[in-house]
Amino acid sequence: MSVSPAVLRRLMRELNELQTSPPEGIRVATSEDNMLDVTGIVEGPEGTPYAGGYFRVKFMFTEEFPAAPPKCRMITKIFHPNVSSAGEICVNTLKKDWKSSYGIGHILVTVKCLLIHPNPESALDEEAGMLLLENYDSYCDRARLITSVHATPRVRPAEFDKPAASASPAPTASTSKSASSKSLSASAAPGGTTENSAPATYPLHASTPNTCTLTPSNSSEKPIGKERLTSPAPLGTANSNVSGTTAAVPAAATTTRAVKRAATGGGAGAEKRKKALKRL
Amino acid sequence: MSSAMDVDEQAIDEGLYSRQLYVLGHEAMKRMAASNVLIVGVKGLGVEIAKNIVLAGVKSVTIYDPEPMEVQDLSSQFFLRHEDIGKPRAEAAVVRLSELNAYVPVRNLGGQPGMEITVDSIKGFQVVVLCGASLQKQLEINDWTHENGVHFIAAETRGLFGSVFNDFGPKFTCVDPTGEQPLTGMIVSVDRDKEGLVTCLDETRHGLEDGDFVTFSEVQGMAQLNGCEPRKITVKGPYTFAIGDTSNLGEYKSGGIFTQVKMPKIVQFKSLRASLKEPEFFITDYAKFDRPAALHAGFQALSEFKAQEQRLPRPRNAEDAAKVLALAKTLDADIDEKVVTELAYQATGDLTPLAAVIGGFVAQEVLKACSAKFSPMVQHLYFDSLESLPSTLPTEADCQPVGSRYDGQIAVFGRQFQDKIANFREFLVGSGAIGCEMLKNWSMMGLASGPQGIIHVTDLDTIEKSNLNRQFLFRAKDLGKFKAEVAAAAVAEMNPDLKGKISSKQEPVGPDTENVYDSDFFASIDGVTNALDNVKARQYMDQRCVFFLKPLLESGTLGTKGNTQVVVPHLTESYSSSQDPPEKETPSCTVKNFPNAINHTIEWSRTEFDNLFVKPAQAVNAYLSEPNYLENNLKYSGQQREQIEQLVSYLVTNKPLTFEECIIWARLQFEERYNNAIRQLLFSLPKDAVTSTGQPFWSGPKRAPDPLTFDSNDPTHLQFIIAAANLHAYNYGLRGETDPGVFKKIADSVLVPEFQPRSGVKIQVNENEPVGQGGGGADGGDANELLKKLPSPSSLVGYRLNPVEFEKDDDTNHHIDFITAASNLRAMNYNIKPADRHTTKQIAGKIIPAIATTTSLITGLVCLELYKLIDHKSEREDYKNGFVNLALPFFGFSEPIAPAKQKYGNTEWTLWDRFTFNDDPTLQHIVGWFKKEHNLEITMVSQGVSMLWSSFIGKKKSEERLPMKFSKLVELISKKPILPHTKHLIVEVMVCDEEGEDVEVPFLVVNL
C-alpha cells in the first residue's frame, strides 16, 4: 500500500515513543524493513486470569488510516468474551468510536483494559460471555488454562526487558499528541484509584497495572464500568492491590492464586501441560 | 438491446442502469419511462442536456433545430462534425444521440431554417427545454405550458455566464425532496403526555429536523404508535424529539424503532412573465450575492439587443457593450456595470465547460420534472466563472472570429490564450465516468491540439455494461476493450486536431509503475487531472504531484453530490491534507451475534461468502502449491487447528463428487447457520438471561434470535440452497443446475443430524484439579490426528480448486443471489426486515451510486479551473473548490485552503518544501549536515516503510550504518534492490533541537 509521508511520519513518531517509553504492560514489536508490520504485546494484567500471558495483537494499516482505524487481530489464542476464535476483537474504539487522533498505543491500552474488564454484553465468544455472566470461577479457570497453554512463553518476551514509561515520572506528559494519555486520565479508575494517584506508598508494588478507565465495546451506553465493579469480576483486583488481601470475598481466592502463579514465574506447570497437549 | 425500442414500464434494465438506479430508485425511473422530452436548440448546451437525458432513460427525446450548422458550433457541440456544416443541426445530431441508449428513441422534429418553434408543435411533450431562445419566444411558449401542465425550462450559456429558468407549473408535487435514506433508530422511552417526548437509544443522534415526519414499529406498551399515521416532530435535542400528544395512548414499556416518513412537498412556480418582474433567485455562489440581479437584467438586455440588431454584441466591443448596458439599466438602474459589460463582451462566446455545468444541471431538472424525485430549482439560476478569464485580458482584436472551430472560445479568451490551451500538456488519470466527460470537454477546447500539446490518459479497466449508462464515449460494441484506448479514439474523432495527440495507457498509477511515470514523464507534463474512483490512487497521485510540484485537479461524485478541488504547488494544501471521515464500521460482535439492521446481516453474509467459497479454496491451493505451507502458517499461533480442519474438510470429508452432494452440503450449511448456530447462541445466552445488574440480556440493540426450520417451499430457503450448491460446485469444477425442482427433492431428503449444544461448562469440577484436559485438548491435541487425514500435496499433483472471484454485476453467477439469501435468512433469525436483491447488491458490493448529470457538471467545473492553471494564476483567491448536490439543489464554492505552515529555527515551511541531497551521500553526511547547518539532531530516519536508523538501535548497528552510502543502506534494510529507474529516494527524519524538543522538518530528497 502507499502510505502518505505524513502518515508514515506520524507512525514513525509513535513507534519511537512506544519504543522509548512504552505504557505499563505494553510493548510494540516492529521490523526495520517494514514499519507497518506492527505487533503489539499486551502483558496479561495481574489479578486477572490472563496474568502470566503475553498477548500479541497484529496491526494492519489501510490507506484510510488514520481516518479509519487499523485492523487489529489477536494472534495469541485467548478465552475472552470479546475476542473471537479467529482473533477479532470487539471494541468500539476499533470501529465506531475511532478517532483519527488515536494511535497504536491507545488501541493496546484499550485491549489491556478489555483483559481487565471483559464485557459479556458484546460477546464475540458467547460461551465465554455466558460463563462470565453465570459462573465467574469457571470462566477464570478456562481463561487461565488457555492462557497457560497458548500465551505463556518460557521466557518473557525480550521487548519487556525495557522498563515501562510509568517507571519514570509523568510518563505521557511530553506526548500530548498521543490520545491514550487523554482517555487514561479521563475519569476515576474503577478500583477507586488511578495510576497517577498511586505513588509508591502502596504495599504491593509501585505500579498498579490493573487500573483501567477505558470502557470496552458497546458499553458506552450505560455505566458498565461501575456496574462491573459491583460484581465479583476481576475488577476487584485493583482494590486488592491497594488494600492487600481484603478484596471482595468471592474474587479473593482466584485473585491471589493468579497473582501467586504470576509471581512464581508463571510457567512451570504450564510447560508440562503444554507438552501433554502436544501443542502445535 | 436493439429490439427494445418499446419500453416496457415494468422492466428496467438493471444491468445497464445499475449505478443510476441507486441514485433515482425504481419508482422515479418508471415515471421517467413515461415522459417525452422536447429540446429546442441543439448547439453545445442543447446536446449536453440531450445526451444526459438519453443516458438517464426517458420514454423519448425529441430535438428541434432546423438551423444550418456553422463552424463555430464545434466550439462545444460534440455531436457535430466538420462535414455536417450547412446541414440542419438537429438532423446531424440525431444519429449520434440515438446511439447513446437503445431504450430511448431520439427524434428530430424537423422544420425549416428560419422557422422558430411554435406552440402547436410542443403539444404531447411532458417537458419542454428551450436552449438559447429569445426572451419573446420563451414567454410565448411558457404562457402556454404554464396553463397546460407542461414543465418548462429555458437555459442559455454566454461565454463564462449561464442562466436557467424553471417553471414546473403552479402546483408541482415533489415526492422526495432530498433523496436521502429515511432516518431510523431505536428508542428507549416515549413520555405519555401532551408533548410526547421520544428518547433515542444510547448516544445515537436521531438526525431529524423540525417538521420531519416519523412512524414507529416494535414499540412495547404504547403499541398504538406502531404503524401510526406519520407524526410531525419537533427536535428537542440530539437524542430526543417530541411527537405531540400521547396522553390517550398506552403506557410505554420498552423497545421500538422510529422511521422517518418522506412527505410530498408542493412547489409553486410562477410563469416566466410573472417571474421576470418578481424573480426568485437560486444562489450558486454566496461570494457573488448581488450578481444574480445584475445578470437577470443583463440577459434580458442581451435578448433585447439581439432583437433590435439582429445579431449579438461583438466580442469585447465597447460600443455594443454600452448599448447592452444601457438596455439593462432601463430594467435595473443599480446593476453592476462591470458584470453586464463582460456579459456583453462574451455574448458570442461558447465554452464547453459552461455547457457541461449548465447542461448537467438542466438535465437533472428535466429528470426532476419527469419523476418528481428531488427538489427542483426555484426559479432563476445565474452562474458565472469570470475568475476563469486570463489575468491579462485579451484585446478586442485578439477575440475576433477567425473561422475556426475554436471561435466560441476565442471570443472569450482570445487567440493568444487559445494557443496556450493548444500547447498544454496534461495527464488524465482514469478514463471512467469523469474521464470520458473530461476528454470530451478537452477535445472541444482544443486542449493539446497544438504542436507542443499532449494528453496522456491511463486506465487499467476494460468496458463493462454498467459503464454504458454514463461513460458516454463507450458503445455496446466496445464491451471488453480498454477504456483509455476507446475514449481516446472517440474524442479524436470528435475533434480531429487531437489525432495523434492523445497517448493512452493501461498501466495503473502506483509504486509499481514508477518506471513508466518517472521523473522524465512528470517533467514533460504541465499538470495532472484525477478522474479516479478510489482514495488510494488519489492519495498516491497527490503524493507524486507534491513531489514533482505539479498542479492537480481533483474531483469526485457520489450520486447527485460532487466536489472539485484544485491543488496548486506552494499556493494550496494538497489533496491528502484533509480527509473525509470514512464510514463508521460496525463492531464485530454486532455482526457476529447481535445484528439489529439489515446492513449487519449483509455484512455478515458477504463475509460468509468469502469464508465458504473464496478462502478455503485459496487455502487448499496454497497448501497444494506452496512448499512448506503448513509449517509456514503454523508459526502463527491460534489458528492452526482450524486451518487444518478446513483443508481436510475441503480436500477429503466434504469434497463432492456429484452436484447432488453439493446440494446436500448446502442443506447442511443451512442447518449449521440458521438453526444450530442460533440454538447454540441461545443455549449460551438464553432468552431470559440477565446481565449482572439484572437487566434482560436480550434488550435494546440486542435482538433475541429464533432458529429457522428448513422449508423447501420458502423461496428464500430454497434460494440459499440453489446458490450455495452452485458455488460449491464451482469450487470443484462441477457442472451446476438451476431447476428448483431438483434442489427441492434432494434438499428435502437430506438426513440432518440432531442439534447438540456444545458446552464448556462441565470442564471444571474440582477446585484443586487443573482444568480438565478435555477442554484444552480440543484446542490442539488431536491436530496430529487431523494431519494424518490430509493427503500430501505430492499425491495431488496438478489438482486445484477454483476459488470464486466476487463479481457483483453478473446476474447469472449466483454471487449476489447467495449473499441476498444468506443475509435475508439471518434477518429472519433476528426478525429484521429483509432487503431485496438490488439493495443487498449495493451494500454488499459497496456500489457507489452514479448518474451522468453530476459527472457532466463536475467535469465542467474542473475545466473552469483548468483555464486558471493554464493562465498560471498565482493568487489563491483566483481558484475555487466546488461542492454541489443536484438533488437539493445546492452549489457551494470556497477558496482553496493555504498549506499549513510549520517552523524549524526561524524557517517557515509547508508540505511543498524539502531538503535535497545529491550524489548518494552517506547517512553520516546527512546527520552531520543537519547538525552543522541547523544545529538539529537526527533521532530517526526512514525511507518508505523502512526504518533505516534511530538513536536507540545500538552502537554496533549505528557504526555499521552511518558510513554507508544511502542507497546501500536502503537496500540493506529494505532487503530489496533499488530498481534501475529509481533516481531519488524520499526520506523522512525526526529531529530535535538543542533542548531535546522534537522539531518538524520537511522531507528529504536524496538523489542517487
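Residues numbered from 1 in each chain as written. Chains lettered and ligands numbered in written order. Predicted model: local features only at pLDDT ≥ 70, side-chain atom pairs only at ≥ 80, totals over all residues. Heavy atoms only, no water.

1. Some thoughts on the overall build of chain A
(1) Moving on: If you tally the helices and strands in chain A, you get nine helices and four strands.
(2) Moving on: In chain A, buried positions account for 58% of the 280 residues.
(3) Moving on: When contacts within chain A are restricted to residue pairs at least 6 apart in sequence, those whose partners lie at least 24 apart make up 67%.
(4) Moving on: Of the roughly 10,800 Å² of accessible surface on chain A, a fraction of 56% belongs to carbon and sulfur atoms. (Helix = DSSP H or I, 4+ residues; strand = E, 2+ residues; numbered from the N terminus. Buried < 20%, exposed > 50% of the residue type's maximum accessible area, 1.4 Å probe, protein only. Contact = heavy atoms within 4.5 Å. Areas by Shrake-Rupley, 256 points an atom, 1.4 Å probe, with all protein chains shown as cover.)

2. Overview of the domain arrangement of chain B
(1) Moving on: On domain assignment, one finds that chain B holds domain 1 (184-261), domain 2 (420-577 + 851-894), domain 3 (596-766 + 796-831) and domain 4 (901-1007).
(2) Moving on: For domain 1 of chain B and domain 4 of chain B, the distance between their C-alpha centres works out to 60 Å. (Domains from an automatic or database assignment.)

3. Considerations on the pattern of salt bridges
Proximity of charged atoms lets side chains of opposite charge pair with each other.
Residues and elements named next belong to chain B.
(1) Moving on: Counted by the stated rule, this structure contains 68 salt bridges over all chains.
(2) Moving on: The closest approach of N and O atoms between Lys-873 and Asp-871, which form a salt bridge, is 3.2 Å. The residues Lys-873 and Asp-871 share a single accessibility class, namely buried.
(3) Moving on: Ionic contacts of the salt-bridge type, sharing partners, join the residues Glu-309, Arg-311, Arg-314, Glu-319, Asp-320 and Lys-323 into one network. (Salt bridge = Lys/Arg side-chain N within 4 Å of Asp/Glu carboxyl O.)

4. So, the UniProt feature "domain: Ubiquitin-activating enzyme E1 C-terminal" (unreviewed entry) in chain B
(1) Moving on: In the numbering adopted here, UniProt assigns the feature "domain: Ubiquitin-activating enzyme E1 C-terminal" (unreviewed entry) to residues 879-1004 of chain B.
(2) Moving on: Note that residues 879-1004 of chain B is 22% helix and 36% strand, and that its end C-alpha atoms are spaced 29 Å apart. (UniProt positions renumbered as here; feature names shortened; annotations may be inferred.)

5. Comments concerning the packing of helix α17 (residues 598-625) of chain B against helix α25 (residues 815-829) of chain B
Residue and element names in this part refer to chain B.
(1) Moving on: For the pair α17 and α25, interaxial distance at closest approach is 8 Å and the crossing angle is 130°. Looking at the two axes, α17 sits oblique to α25. Crossing of α17 over α25 shows right-handed handedness. Within the contact between the two elements, α17 uses Ile-598, Thr-601, Ile-602, Trp-604, Ser-605, Arg-606, Phe-609, Leu-612 and Phe-613 and α25 uses His-815, Phe-818, Ile-819, Ala-822, Ser-823, Asn-824, Arg-826 and Ala-827.
(2) Moving on: In terms of residue class, the contact of α17 with α25 is built from ten nonpolar, five polar and two charged. (Axes fitted to C-alpha atoms, helices over the stretch in contact; angles between N-to-C directions. Parallel < 35°, antiparallel > 145°, perpendicular 65-115°, else oblique. Left-handed = near helix turned anticlockwise from the far one by under 90°. Nonpolar A, V, L, I, M, F, W, Y, C, P; charged D, E, K, R; others polar.)

6. Brief notes about the nonpolar core
All names here are of chain B.
(1) Moving on: Within the largest apolar cluster, 144 residues are counted, with the highest numbers of intra-cluster contacts made by Ile-39, Ile-63, Ile-358, Phe-361, Val-362, Trp-442 and Leu-473.
(2) Moving on: Broken down by element, this core gets its largest block of residues, eleven residues, from helix α27 (residues 852-870).
(3) Moving on: When near neighbours in sequence (up to four residues on either side) are disregarded, Phe-361 contacts Val-164, Phe-282, Met-377, Leu-381, Leu-857, Leu-886, Pro-889 and Phe-891.
(4) Moving on: Core analysis: the next-biggest nonpolar cluster, separate from the first, contains 71 residues, Val-648, Phe-670, Ile-678 and Ala-835 among them. (Core = buried A, V, L, I, M, F, W, Y, C linked by side-chain atoms within 4.5 Å.)

7. Examining the pairing of strand β12 (residues 234-237) of chain B
All names here are of chain B.
(1) Moving on: Relative to strand β13 (residues 240-242), β12 runs antiparallel, the two sharing three bridges. Within β13, the position partnered with Val-235 by the bridge is Phe-241.
(2) Moving on: Connecting β12 to the antiparallel partner β13 that follows it, the hairpin turn spans two residues. (Pairing = 2+ DSSP bridges.)

8. Some words on a negative patch on the surface
(1) Moving on: On the surface, a cluster of negative charge is made up of Asp-461, Glu-464, Asp-533, Glu-807 and Asp-810 of chain B.
(2) Moving on: As for its placement among the helices and strands, Asp-810 of chain B is situated in the loop between α24 (783-789) and α25. (Patch = residues over 30% accessible without salt bridge, like charges linked within 9 Å, V, L, I, M, F, W, Y side chains within 5 Å. Lys, Arg positive; Asp, Glu negative; His and termini not counted. Charge placed at Lys NZ, Arg CZ, Asp CG, Glu CD.)

9. What to know about the confidence of the model for chain A
All names here are of chain A.
(1) Moving on: Here chain A averages 66 in pLDDT, while 57% of its residues score no lower than 70.
(2) Moving on: Here helix α7 (residues 236-243) stands out as the element of chain A with the lowest mean pLDDT, 29, in contrast to strand β3 (residues 54-60), whose mean of 94 is the highest.
(3) Moving on: Overall, residues 167-209 carries pLDDT values under 50, and its contacts beyond four positions in sequence, including any with other chains, amount to 57 contacts.
(4) Moving on: Between residues 214-280, whose pLDDT stays under 50, and residues either more than four places distant or in other chains, the model counts 115 contacts. (pLDDT = per-residue confidence, 0-100.)

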